[in-house]
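These are the residues of each chain, in order.
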Amino acid sequence: MQVNYYVLPLYLGLFGLAALMLSRAWRIGKRNRLDLVANWSNVQLEEPERYKQIYITINLAGGIALLALAALVLIVGLPFTMWVSLAALIFWSYFFAYQFLSWNAKKNKALEERARKAAEAEQQKEAG
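Residues numbered from 1 in each chain as written. Predicted model: local features only at pLDDT ≥ 70, side-chain atom pairs only at ≥ 80, totals over all residues. Heavy atoms only, no water.

### Let's talk about unusual backbone geometry
Although it is not a glycine, Asn42 adopts a positive phi angle of roughly 65°. Mapped onto the fold, Asn42 is located in the loop between helix H1 (8-29) and helix H2 (48-75). Unusually for a residue other than glycine, Glu47 sits at a positive phi of about 55°. Looking at where Glu47 falls in the secondary structure, it is placed in the loop between H1 and H2. (Helix = DSSP H or I, 4+ residues; strand = E, 2+ residues; numbered from the N terminus.)

Spelled out as structure tokens, the structure:
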């Protein structure tokens, strides 16, 4: 078996990224670190408790998928282009899930604020 020492850091990076994702899921779930329920820029979402389970799921899925991919590389002998492409797909799916949840949290907050103001205006209209 031939080892390409230029590819080895990419392969080992799968384990590092998987460890970060699984560690984040553990800290959010078991240690209740709601400050980690944040967007990609580490700004905490509004109502983090609402998105806690989704963030745990995304981090667990990403970490497990990367570990499975690393195992497949060794067991099946996936070609370089295939496993790097799959790793990129997993990473970008993880990234876009974070972006989507951040956007969704902002949108929900704005809609709830608009509904609250409309209800207040309706109450003032009925009272006045």
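### Observations regarding the packing of aromatic side chains
This structure, assessed with the given rule, holds 14 aromatic pairs. On the basis of an interplanar angle of 75° and a centroid distance of 6.1 Å, the ring pair of Trp40 and Phe91 is categorised as edge-to-face. Taken together, the residues Trp40 in the loop between H1 and H2 and Phe91 in helix H3 (residues 80-127) connect sequence positions 51 residues apart. Judged by relative accessible area, which is 39%, Trp40 ranks as partly exposed. Each ring, one from Tyr55 and one from Tyr98, has its centre 4.8 Å from the other, and the planes form 70°; the classification is edge-to-face. (Phe/Tyr/Trp six-rings, centres within 6.5 Å; stacked < 30°, edge-to-face > 60°. Buried < 20%, exposed > 50% of the residue type's maximum accessible area, 1.4 Å probe, protein only.)

### Quick look at the layout of surface pockets
By rolling a water-sized probe across the atoms, one finds the places where empty space is left. When its volume is computed, the second largest pocket comes out at roughly 200 Å³. In this structure, the second largest pocket is lined by Leu17, Leu20, Met21, Arg24, Arg27, Asn39, Trp40, Asn42, Phe91, Tyr94 and Tyr98. For the lining of the second largest pocket, the secondary structure elements donating two or more residues are H1 and H3. At 5 residues, the largest contribution of residues to the lining of the second largest pocket is made by H1. Here the residues of the lining of the second largest pocket sort into 7 nonpolar, 2 polar and 2 charged. (1 Å grid on protein atoms, 1.4 Å probe; cavity = no way out; pocket = protein on both sides within 12 Å on 5 of 7 lines; lining within 4 Å. Points joined across faces, edges and corners; volume = space filled by probe spheres on them. Nonpolar A, V, L, I, M, F, W, Y, C, P; charged D, E, K, R; others polar.)

### Overview of the pattern of salt bridges
A full pass over the atoms with the stated rule returns 5 salt bridges. With its nearest N and O atoms 2.9 Å apart, the salt bridge here joins Glu112 to Arg50. Here the residue Glu112 occupies a position in helix H3, and Arg50 occupies one in helix H2, the gap between them amounting to 62 residues. By relative accessible area, which is 35% here, Glu112 ends up partly exposed. (Salt bridge = Lys/Arg side-chain N within 4 Å of Asp/Glu carboxyl O.)

### Quick word on the packing of H1 against H2
It is the contact of H1 with H2, at a shortest axis distance of 8 Å, that shows an interaxial angle of 155°. Taken together, H1 and H2 sit at an angle that is classed as roughly antiparallel. Crossing of H1 against H2: the hand is left-handed. Residues of the contact of H1 with H2, tallied by class, amount to 19 nonpolar, 4 polar and 2 charged. (Axes fitted to C-alpha atoms, helices over the stretch in contact; angles between N-to-C directions. Parallel < 35°, antiparallel > 145°, perpendicular 65-115°, else oblique. Left-handed = near helix turned anticlockwise from the far one by under 90°.)

### A word on the environment of Lys109
Turning to its location among the elements, Lys109 is positioned in helix H3. Taking the relative accessible area as the measure of exposure, Lys109 reaches 39% and is therefore partly exposed. Along the sequence, Lys109 and Leu45 sit 64 residues apart, while their C-alpha atoms lie 9.8 Å from each other.

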